[in-house]
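Structure assessment
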Amino acid sequence: MKQQKSPLLRGAAYIAGVFTALTVWQNTHIITTEYKIRSIHLPTAFEGFRIAVLADIHSRNFGEAQKQVLDRVREAMPDLIVVAGDWLDAKRGHIEYCITQAAGLTEIAPVYAVYGNHELSRIRQTDRDCFSPALERAGVHLLHSCGTQIERGGMFINLLGIEDPTEGTDRQLRGTEIAQALDGMLHRVMTGILPDEFTILLAHRPEFLLHYAKYPINLICAGHAHGGQVRLPGLGGLFAPGQGLFPKYTGGAYTEGQTTMVVSRGLGGQEAPIRILNTPELVMLELHTEMG
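So, here is what we can say about the structure in this document. (Residues numbered from 1 in each chain as written. Predicted model: local features only at pLDDT ≥ 70, side-chain atom pairs only at ≥ 80, totals over all residues. Heavy atoms only, no water.)

**Quick word on the nonpolar core**
Here is the rule: To form a nonpolar core, buried Ala, Val, Leu, Ile, Met, Phe, Trp, Tyr and Cys residues must be joined to one another through side-chain atoms within 4.5 Å. For every residue, the accessible area obtained with a 1.4 Å probe (protein chains only) is divided by the maximum for its type, and the residue is called buried under 20%, exposed over 50%, and partly exposed between those limits. Secondary structure elements are taken from DSSP: a helix is a run of H or I of four residues or more, a strand is a run of E of two residues or more, and numbering for both begins at the N terminus. Throughout, a contact is declared for two residues whenever any of their heavy atoms are within 4.5 Å.
Counting 29 residues, the largest nonpolar core has Leu-54, Val-69, Val-73, Ile-81, Trp-87, Leu-105 and Val-140 as the members making the most contacts within it. Breaking this core down by element, the ones donating at least two residues are strand S2 (50-54), helix H2 (67-76), strand S3 (80-84), helix H3 (95-106), strand S4 (111-114), helix H5 (131-137) and strand S16 (281-289). The leading source of residues in this core is H2, at 4 residues. Look past the residues within four positions of Trp-87 in its chain and what remains in contact with it is Ile-57, His-58, Ser-59, Cys-98, Gln-101, Ala-102, Leu-105, Ala-113, Glu-119, Phe-131, Leu-135 and Val-140. One finds Leu-143, Ile-150, Ile-200 and Cys-221 within the second-largest nonpolar core, a separate group that totals 24 residues.

Okay, structure coming up:
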């Protein structure tokens, strides 16, 4: 005689099934989160300027011709697209996915990117950089600890980029070496920038906000924390590299003095460690002038 499962076991199995289905859905879909950024330094020609922020893609495949991510970005109608590091995954590679994404993104809007720890780690391991030339051929502008100006209506804003400061050319950096590398890059990219110019910094790691805010930077686009990987209701992210348990900067907008930092929860998914209550995210920033 077949023994029937108890109501408690049936209920537990149902809850487990729902949780598994929800987790799979969260790891394979993309949400769009919008922020309005206001500044007295923003030139009037950039009123309503829209920036798409992508981060921590980790060589993810978004389907045939990368349609899922490209459609999502196209629907958001950005004027500019920035990638805040870890586009490539150091272990899985799959450069071809990244290049197809890059080619599609550059057809939507100008694309600028910086390297995160994964790209730099891949270079250190292989002793060569195959990614930069491929991205540049696809039309991506790489900001290897340098900057440029974005022009609109005869006015401009500064767009600067720094690479992950924890990766050296032959080894990972530690302690004071990281601080020295970070300060060196920031000093270099900020040379000649005036305090009343609107300035955006692409910086992979959010945990160095206090370093960034020492300079006249209005807006920082960062990633790296993956939203804390597991997000707990009322508590936020559980863990982030470089920040440990219950990290401070995992996703959202943070302010330090005149500087606002927006941290993307990233787009990587479909692989371990999976996200829990933490759907992959496209960030959209809309810039607005504010009277002083």
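That shown, we press on.
**Some details on the sheet that holds S4**
As a reminder, the rule being used: Strand pairing follows a simple DSSP-based rule, namely that at least 2 bridges must link the two strands. A fitted line through C-alpha atoms serves as each axis, taken over the contacting stretch for helices, and the angle formed by two N-to-C directions is quoted from 0 to 180°.
With mixed pairing, the 6 strands of this open sheet are ordered in space as S1-S16-S2-S3-S4-S5. A single partner strand is all that each edge strand has here, and the edge strands are strand S1 (31-39) and strand S5 (141-142). Across 4 bridges, the pairing between S3 and S4 is parallel. By the bridge assignment, Val-83 is partnered in S4 with Ala-113. On top of the sheet, H2 reaches S1, S2, S3 and S16; it is set at about 160° to S2, its chief contact.

**Things to note about the side chain of Arg-60**
For clarity, the cut-off: Think of a polar contact as two N or O atoms within 3.5 Å of one another; within protein, one of them needs to be a possible hydrogen donor and the other a possible acceptor, and neighboring residues in sequence only count if both atoms come from side chains.
Here Arg-60 is to be found in the loop between S2 and H2. A polar contact is formed between the side chain of Arg-60 and the backbone oxygen of Leu-267, at a distance of 2.8 Å.

**Here we look at the pairing of strand S8 (residues 199-203)**
Note the threshold: With strands facing away from the observer, any crossover in which the path from the first strand over the helix to the second runs clockwise is taken as right-handed.
With 5 of 5 residues buried, S8 is to be regarded as a mostly interior element. Neither face of S8 is exposed, since Thr-199, Leu-201 and Ala-203 on one face and Ile-200 and Leu-202 on the opposite face are all buried. Where strand S7 (residues 155-162) and S8 come together, 5 bridges link them in parallel fashion. Paired with Ile-162 across the strands is Ala-203, a residue of S8. Between the parallel pair S7 and S8, the chain is carried across by helix H6 (residues 176-190), and the sense of this crossover is right-handed. Note: S8 against strand S9 (residues 219-222), 3 bridges, orientation parallel. Bridging across to S9, Leu-201 finds its partner in Ile-220.

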